[in-house]
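# Chain and residue survey
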Protein chains: 4
Amino acid sequence: MNKKNKSTKQKEMSFIEKARRAQIVKCAIETIAEVGYAQASLGQIAKRANISKGVISYHFANKEELLEQIPIEYYLAWQAYITPRIEAQKSPKEKLQVYIEANLAFIDENRQHVFAVIETVSNKRTDDGKLQFAADHDEAILLPIESILTQGIQEGVFREFTKSSARVMALTIRSAIDGFTLELTRNPHLDVQEYTRELVTIFDKSTKK
Amino acid sequence: MNKKNKSTKQKEMSFIEKARRAQIVKCAIETIAEVGYAQASLGQIAKRANISKGVISYHFANKEELLEQIPIEYYLAWQAYITPRIEAQKSPKEKLQVYIEANLAFIDENRQHVFAVIETVSNKRTDDGKLQFAADHDEAILLPIESILTQGIQEGVFREFTKSSARVMALTIRSAIDGFTLELTRNPHLDVQEYTRELVTIFDKSTKK
Amino acid sequence: MNKKNKSTKQKEMSFIEKARRAQIVKCAIETIAEVGYAQASLGQIAKRANISKGVISYHFANKEELLEQIPIEYYLAWQAYITPRIEAQKSPKEKLQVYIEANLAFIDENRQHVFAVIETVSNKRTDDGKLQFAADHDEAILLPIESILTQGIQEGVFREFTKSSARVMALTIRSAIDGFTLELTRNPHLDVQEYTRELVTIFDKSTKK
Amino acid sequence: MNKKNKSTKQKEMSFIEKARRAQIVKCAIETIAEVGYAQASLGQIAKRANISKGVISYHFANKEELLEQIPIEYYLAWQAYITPRIEAQKSPKEKLQVYIEANLAFIDENRQHVFAVIETVSNKRTDDGKLQFAADHDEAILLPIESILTQGIQEGVFREFTKSSARVMALTIRSAIDGFTLELTRNPHLDVQEYTRELVTIFDKSTKK
DNA sequence: GATGAATGAGCATTCATTCAT
DNA sequence: GATGAATGAATGCTCATTCAT
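Residues numbered from 1 in each chain as written. Chains lettered and ligands numbered in written order. Predicted model: local features only at pLDDT ≥ 70, side-chain atom pairs only at ≥ 80, totals over all residues. Heavy atoms only, no water.

An unreviewed UniProt entry annotates chain A as TetR family transcriptional regulator originating from Perspicuibacillus lycopersici.

### A short note on the overall build of chain A
Looking only at helices and strands, chain A features 10 helices and 0 strands. Starting at the N terminus, the α and β elements of chain A follow one another as α-α-α-α-α-α-α-α-α-α. Long-range contacts, defined here as pairs at least 24 residues apart, represent 68% of the contacts in chain A between residues at least 6 apart. Total accessible area on chain A stands at roughly 10,700 Å², and carbon and sulfur atoms take up 53% of it. (Helix = DSSP H or I, 4+ residues; strand = E, 2+ residues; numbered from the N terminus. Contact = heavy atoms within 4.5 Å. Areas by Shrake-Rupley, 256 points an atom, 1.4 Å probe, with all protein chains shown as cover.)

### Considerations on the environment of Leu42 of chain C
All names here are of chain C. Of note, Leu42 is situated in helix H3 (residues 42-49). By relative accessible area, which is 22% here, Leu42 ends up partly exposed. Sequence separation of Leu42 and Lys53 is 11 residues, and the distance between their C-alpha atoms is 6.3 Å. When near neighbours in sequence (up to four residues on either side) are disregarded, Leu42 contacts Lys53, Ile56, Lys63 and Leu66. (Buried < 20%, exposed > 50% of the residue type's maximum accessible area, 1.4 Å probe, protein only.)

### Structural notes on the protein's contact with DNA strand F
The environment of DNA strand F is formed by 29 residues, the closest being Arg20, Val55 and His59 of chain B, Lys63 of chain C together with Val55 of chain D. Sugar and phosphate atoms constitute 66% of the interface atoms of DNA strand F, taking the interface as everything within 4 Å of the protein. Contact between DNA strand F and Lys53 of chain A: a base oxygen at 3.2 Å from a side-chain N or O atom of the residue. Residue Tyr58 of chain B places a side-chain N or O atom 2.9 Å away from a phosphate oxygen belonging to DNA strand F. Looking at the surface near DNA strand F, the elements with two or more residues in it are helix H4 (53-59) of chain A, helix H2 (15-35) and helix H4 (53-59) of chain B, helix H4 (53-59) of chain C together with helix H4 (53-59) of chain D. (Near = heavy atom within 4 Å. Polar contact = N/O pair within 3.5 Å; in protein donor to acceptor, adjacent residues only side chain to side chain.)

### With respect to helix H9 (residues 163-186) of chain A
The end-to-end C-alpha separation of H9 of chain A is 35 Å, in line with the 34 Å expected for 24 residues at 1.5 Å each. Of all 24 residues that make up H9 of chain A, 17 are buried, and the element is covered over most of its length. (Expected span 1.5 Å × (residues − 1).)

### Quick notes on the protein's contact with DNA strand E
Around DNA strand E sit 28 residues in total, of which Val55 of chain A, Lys63 of chain B together with Arg20, Val55 and His59 of chain C are the nearest. Between His59 of chain C and DNA strand E, the recorded distance is 2.5 Å, taken from a side-chain N or O atom to a phosphate oxygen. Between DNA strand E and Lys63 of chain D, the relevant distance is 2.7 Å, taken from a phosphate oxygen to a side-chain nitrogen or oxygen of the residue. Breaking the surface near DNA strand E down by element, the ones donating at least two residues are H4 of chain A, H4 of chain B, helix H2 (15-35) and H4 of chain C together with H4 of chain D. Within the surface near DNA strand E, the residues separate by chemical class into 7 nonpolar, 12 polar and 9 charged. (Nonpolar A, V, L, I, M, F, W, Y, C, P; charged D, E, K, R; others polar.)

### So, the interface of chain C and chain D
The figure often quoted for interface size is the accessible area lost as the parts come together. The partner chain D presents 41 residues to the 40 residues of chain C that form the contact. Carbon and sulfur atoms make up 58% of the surface buried where chain C meets chain D, a total of about 3,300 Å² over both sides. Along the contact surface separating chain C from chain D lie 2 salt bridges. With a closest N to O distance of 3.0 Å, Arg167 of chain C and Glu183 of chain D form a salt bridge. Between the two partners, chain C and chain D, sit 4 residue pairs in polar contact (both at pLDDT 80 or more). Those elements that provide at least two residues to the side of chain C that touches chain D are H2, helix H7 (111-123), helix H9 (163-186) and helix H10 (192-207) of chain C. (Buried area = accessible area lost by both parts, 1.4 Å probe. Salt bridge = Lys/Arg side-chain N within 4 Å of Asp/Glu carboxyl O.)

### A look at the UniProt feature "DNA-binding region" (unreviewed entry) in chain A
UniProt marks residues 41-60 of chain A with the feature "DNA-binding region" (unreviewed entry), using the numbering shown here. Within residues 41-60 of chain A, the helical portion is 75% and the strand portion 0%, while the C-alpha atoms at the span's ends are 14 Å from each other. (UniProt positions renumbered as here; feature names shortened; annotations may be inferred.)

### Topic: the relation of the copies chain A and chain B
Of the two same-sequence chains, chain A is brought onto chain B (RMSD 0.3 Å, axial shift 0.0 Å) by a rotation of 179°. Viewed as a symmetry operation, the transformation between the two copies matches a two-fold axis. Most of the interface of chain A is mirrored in chain B: 93% of its interface residues are interface residues there too. (Least-squares fit on C-alpha atoms with pLDDT ≥ 70 in both.)

### Let's talk about the interface of chain A and chain B
Facing 42 residues of chain A, the contacting portion of chain B comprises 39 residues. Of the roughly 3,300 Å² buried between chain A and chain B, counting both surfaces, carbon and sulfur atoms make up 58%. Summed over the three residues of chain A that lose the most area to chain B, namely Arg125, Arg186 and Ile202 of chain A, the buried surface amounts to 16% of that side. Here chain A is connected to chain B by 2 salt bridges. On the surface where chain A and chain B come into contact, there are 4 residue pairs in polar contact (both at pLDDT 80 or more).

### Quick notes on the UniProt feature "domain: HTH tetR-type" (unreviewed entry) in chain A
As recorded in UniProt, the sites labelled "domain: HTH tetR-type" (unreviewed entry) are residues 18-78 of chain A. Each end of residues 18-78 of chain A is marked by a C-alpha atom, and these two atoms are 20 Å apart; helix forms 80% of the span and strand 0%.

### So, the environment of Arg167 of chain B
Turning to its location among the elements, Arg167 of chain B is positioned in helix H9 (residues 163-186). Along the backbone, Arg167 of chain B and Leu149 of chain B are 18 residues apart, and their C-alpha atoms lie at a distance of 9.2 Å. Apart from residues lying up to four places away in sequence, Arg167 of chain B is in contact with Glu183 of chain A together with Glu139, Leu142 and Glu146 of chain B.

### Observations regarding the packing of aromatic side chains
Going through the model one piece at a time under the given rule, you end up with 16 aromatic pairs over all chains. Both rings, one in Tyr75 of chain C and one in Trp78 of chain C, keep their centres 5.7 Å apart while their planes meet at 25°; by these two values the pair is stacked. Residue Tyr75 of chain C and its partner Trp78 of chain C are located together in helix H5 (residues 63-87), separated by 3 residues, close to a single helical turn. Residue classification places Tyr75 of chain C among the buried residues on the basis of a relative accessible area of 18%. Relative accessible area serves as the criterion here: at 2%, Trp78 of chain C is assigned to the buried category. Residues Tyr74 of chain D and Phe106 of chain D carry aromatic rings whose centres are separated by 5.4 Å and whose planes lie at 55° to one another, so their mutual orientation is tilted. Highlighted residues: Tyr74 of chain D in helix H5 (residues 63-87) and Phe106 of chain D in helix H6 (residues 92-109), separated in sequence by 32 residues. This pair shows no difference in class: Tyr74 of chain D is buried, exactly as Phe106 of chain D is. Sitting above the plane of the Tyr81 of chain B ring, Arg85 of chain B keeps its charged end 3.8 Å from the centroid. (Phe/Tyr/Trp six-rings, centres within 6.5 Å; stacked < 30°, edge-to-face > 60°. Lys NZ or Arg CZ within 6 Å of the ring centre and 35° of its normal.)

### What to know about the packing of H10 of chain C against helix H9 (residues 163-186) of chain D
Contact pair H10 of chain C / H9 of chain D: the axes reach a minimum separation of 10 Å and the direction vectors enclose 60°. Judged by the inter-axis angle, H10 of chain C sits oblique to H9 of chain D. Read as a crossing pair, H10 of chain C and H9 of chain D show a hand that is right-handed. Contacts from Glu194, Tyr195, Glu198, Leu199, Ile202 and Phe203 of chain C in H10 of chain C reach Ser164, Ser165, Val168, Met169, Leu171 and Thr172 of chain D in H9 of chain D. (Axes fitted to C-alpha atoms, helices over the stretch in contact; angles between N-to-C directions. Parallel < 35°, antiparallel > 145°, perpendicular 65-115°, else oblique. Left-handed = near helix turned anticlockwise from the far one by under 90°.)

### Quick notes on the pattern of salt bridges
Per the counting criterion, the structure on display carries 47 salt bridges over all chains. Across the salt bridge formed by Arg21 of chain D and Glu65 of chain D, the nearest N and O atoms sit 3.1 Å from each other. Of the two residues, Arg21 of chain D is situated in helix H2 (residues 15-35) and Glu65 of chain D in helix H5; the sequence distance between them amounts to 44 residues. We classify Glu65 of chain D as buried; its relative accessible area is 6%. Here the salt bridges share partners, and the residues they tie into one network are Glu139, Glu146 and Arg167 of chain A together with Glu183 and Arg186 of chain B.

So, in C-alpha cells, the structure goes:
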C-alpha cells in the first residue's frame with residue numbers, strides 16, 4: 001500500500017513539489033554529513049534549509065520517508081554515473097578497472113552524500129529491529145561487479161570461480177570501495193588517484209588467471 | 001583526570017563490581033545487536049537485564065561510559081584471540097592466511113559483539129559533530145596486517161609495495177573482513193569456511209610476487 | 001553571544017510570543033510562591049498553566065531562562081513604580097519617606113512576585129556553587145537610597161556619614177524593607193500602613209542630625 | 001507522634017550516637033554552605049564525611065530530620081552565646097548595643113552555619129507548600145530584643161512604643177542583622193567592627209527618646 | 001502551500017530511601 | 001553498626017508529529 005501510494009504520488013507531483021523535496025533532501029544530506037545521524041533532527045534540517053519544521057512534515061509523510069530518499073537519490077546518481085562508463089569498455093578486465101575507478105571518483109565527488117547514505121542505511125531498521133540495510137539496494141550495487149565477473153569467467157580472462165566464490169570476490173571488491181570511503185573520512189586529503197591505482201592492481205591480480 | 005580516575009577506579013573495583021559491570025555491558029551488547037543503536041536506551045538495556053534503570057547509573061557514570069566498554073572489551077578479546085595465532089606462524093604468507101582465518105572465526109563466534117561495536121563506533125561523535133571512529137582503535141587493528149606486509153616485503157615473498165600502497169593493501173584486507181561481517185548479518189547461514197578460503201586466495205594472489 | 005542573542009531575539013519576538021512568555025512567567029511566579037522553589041518543576045508550572053510541559057521548552061531555551069525572567073520583570077516593574085514617586089519629591093527627607101512607603105506598597109501589591117524573586121534569587125548559583133545573588137541587581141536596588149542619602153548629607157539635613165557608614169545605612173533600610181516582606185509572609189493580615197509609618201519614623205530618626 | 005519519638009530517641013541516644021550525628025550535621029552544614037541547598041544531596045554530604053550514604057539514613061530517619069538539626073543546633077549555640085552577654089548588661093541601651101554586637105560577632109564567627117541555616121530554613125515547607133520558616137524559631141530569636149525594648153520603654157530610656165510599633169522595631173533590628181549576613185556573603189572582607197558600630201548608632205538613634 | 005504553536009512520549013540522569021549482608 | 005547495592009519516582013529536556021490559521 002505504502003509503495004503504491006508513493007509511486008502514485010510521484011506521478012502526481014508537480015515540478016515545484018519535486019524541487020522542494022529535492023531541496024529538503026539536500027539539506028538533510030548536509031545535516032547528516034555534518035552533525036551525524038543522531039543529531040540530525042527535523043529541527044536541525046529545517047534550520048539549515050531556512051524553513052519551518054512544519055514544511056518538512058508537509059512534503060514528507062514522516063522522517064522515515066525523507067531519509068529514504070537519501071539512498072534512493074544516491075543510487076540513481078550512482079547508476080547514471082557508473083553504467084555508461086562500464087558500457088564504454090569492452091573487455092572484462094577493463095570493465096573491472098573502470099568500475100573501481102568510477103566508484104572512487106564518484107565517492108570523491110559526492111563525499112557528503114556517500115557519508116549520509118552510510119549513516120542513514122546503518123541506522124535503518126525494520127519494525128522488529130533487524131537492520132534493513134536496504135538489502136535490495138545492496139544487491140543492486142553488486143550486480144555490475146557480478147556481471148563483469150561472469151563475463152570474464154566465460155571469456156576465460158579471469159581465473160575459475162564457483163558461483164559462491166564469485167560472490168565473495170564481488171563482495172570483497174565492494175568492501176574495498178566502502179573501505180576507501182571510510183579512509184577518506186578519516187583522511188580527507190588522501191591521494192585518491194594513487195588509492196585507485198592500488199585497488200585496480202589488487203583486484204587485477206586477484207582475478208586474473 | 002577522567003582517564004586517570006577510570007584506571008584508578010578499575011584497580012579499586014571489587015570482583016562483584018566488575019561482574020556486575022560486565023553483565024550490564026553484555027546486556028548492552030545484546031540490546032544494540034537486536035534493536036539497534038538508536039533504540040538502545042538505558043531503559044531498554046535495563047529491561048533486558050531485568051534490573052532497574054538506576055542500577056546502570058549506579059555502576060556507570062553515564063551512558064557514554066557504558067558504551068565505551070563495548071569496543072574496549074571487544075578489542076581486548078580480539079587481541080587475545082588473534083595475536084597468539086599469528087605469532088604461531090613463521091612465514092608472512094602463513095601469517096596473512098592465519099590473520100584472515102582467525103578474524104573470520106572470531107567474528108563468527110562473536111557476532112553480536114562485533115555488530116554492537118560497529119553500531120557504537122559509527123555513532124560515536126566528538127562534541128563538534130565529527131565522527132570519532134575510535135581512530136586509535138582502527139589504527140591498532142591495522143597494525144598486525146601492516147607488520148605482516150612489512151615482513152613479507154623484506155623477505156621478498158610479497159610483491160613490491162611502497163609505503164602507501166602497503167597501506168591500501170592493509171586497508172583492503174581489513175575492509176574485506178568488515179565486508180564479511182556485513183554479509184554475515186545479511187545472511188546468517190553463510191558458509192564461513194568457504195568465505196574464509198576465498199578471502200585467503202584473493203589476498204594470497206594479490207600480495208604474491 | 002548569549003546575551004546578544006537574547007536581546008536580538010527580544011526585538012524579533014512577536015506580540016503573541018511575548019504574551020505567551022509573560023503568561024508562562026506569571027504561572028512560574030504563582031507556582032514558586034505557592035509550592036516553593038524546590039517543588040516548582042516545569043511539570044508543576046505547566047500543570048498550573050494548563051499547558052503541556054513541552055510548551056515551556058518551546059518558548060524558553062531552558063528552565064534557567066524562564067526563572068531569570070522573574071527578577072528581571074520584577075525589577076522593571078519596581079523601577080517603574082518607585083522612580084517617579086521619588087522624583088516627585090524635593091527634599092531628601094521626603095524622598096526617603098516616599099522610598100519606604102512606595103516599596104512597602106509595591107511589595108504589598110505584588111506579594112507573590114516578590115516572594116518568587118526571593119526564592120529564585122536565593123537559589124541561583126554560579127557553576128562553582130557560589131550564590132549569584134544577582135549582585136548587579138542588588139546593587140541597583142540600593143542606588144536610589146544611596147543617592148537620597150548623598151543628597152541629604154550634602155544639603156545638611158542628614159547627619160554626617162562616611163562613605164561606608166552611608167552604605168550600612170542604605171543596607172539597613174533595604175534590609176528593613178526585606179524584613180517587612182518576610183513578616184508579611186508570616187502574617188498576611190499585617191497592618192501595612194502602620195508598619196510603613198513605623199519604618200518611616202525609625203529611619204527618619206536614625207538619619208536626622 | 002513524631003515529636004514524641006524524637007524526644008524519646010534523644011534520651012536513649014548513646015554518646016557515640018550523638019557524636020556521629022553531630023559529625024554528619026557538621027558535614028551537612030559545610031556542604032550546604034559550599035554548594036547550596038539544591039546541590040546538597042545525601043550523596044554529597046556523605047562524600048564530604050567520608051562515609052557511605054547509608055550511614056546517614058541509619059542515623060537520621062530521613063533527610064528532613066537531618067536538615068532540621070541545622071537550625072536547632074544553631075539556635076542553641078546562638079542562645080548560649082548571646083544570653084550571658086546580654087544579661088551581663090544592666091541598662092536597656094547597653095543591652096541593645098550588646099545584642100547587636102554579639103549577633104554580628106556570632107555571625108562572623110559562624111559564617112558557614114548561619115548560611116546553612118538561611119538556606120535550610122528558606123527551603124523548608126510544610127506539606128501544603130507553605131513556608132515553614134521555623135516560625136517558632138524566628139519568634140524565639142525576636143524575644144530578647146522585644147524584652148529589651150519593653151524594659152527600655154518601662155524605664156523611660158526609649159521613646160514611646162505601642163505594642164505593634166515595638167514589634168516593627170524588633171523586626172527591623174533583626175532584619176538589619178540578617179542584612180549584615182547577606183552583605184558578608186557578598187563581601188567576605190567586610191569591616192565587621194565598623195558595620196557593628198554603625199548599626200549600634202542607627203538603633204541607638206532610632207530608639208532613644 | 002506554509003507556518004508557528006503545541007503536544008506528549010521518550011530520553012538520560014539524579015536522588016532519597018530501602019535492605020541484605 | 002555500617003555498607004554497598006538497588007530501586008523507582010521525578011526532573012529537565014528533545015523531538016517527531018499534528019493542527020489551526
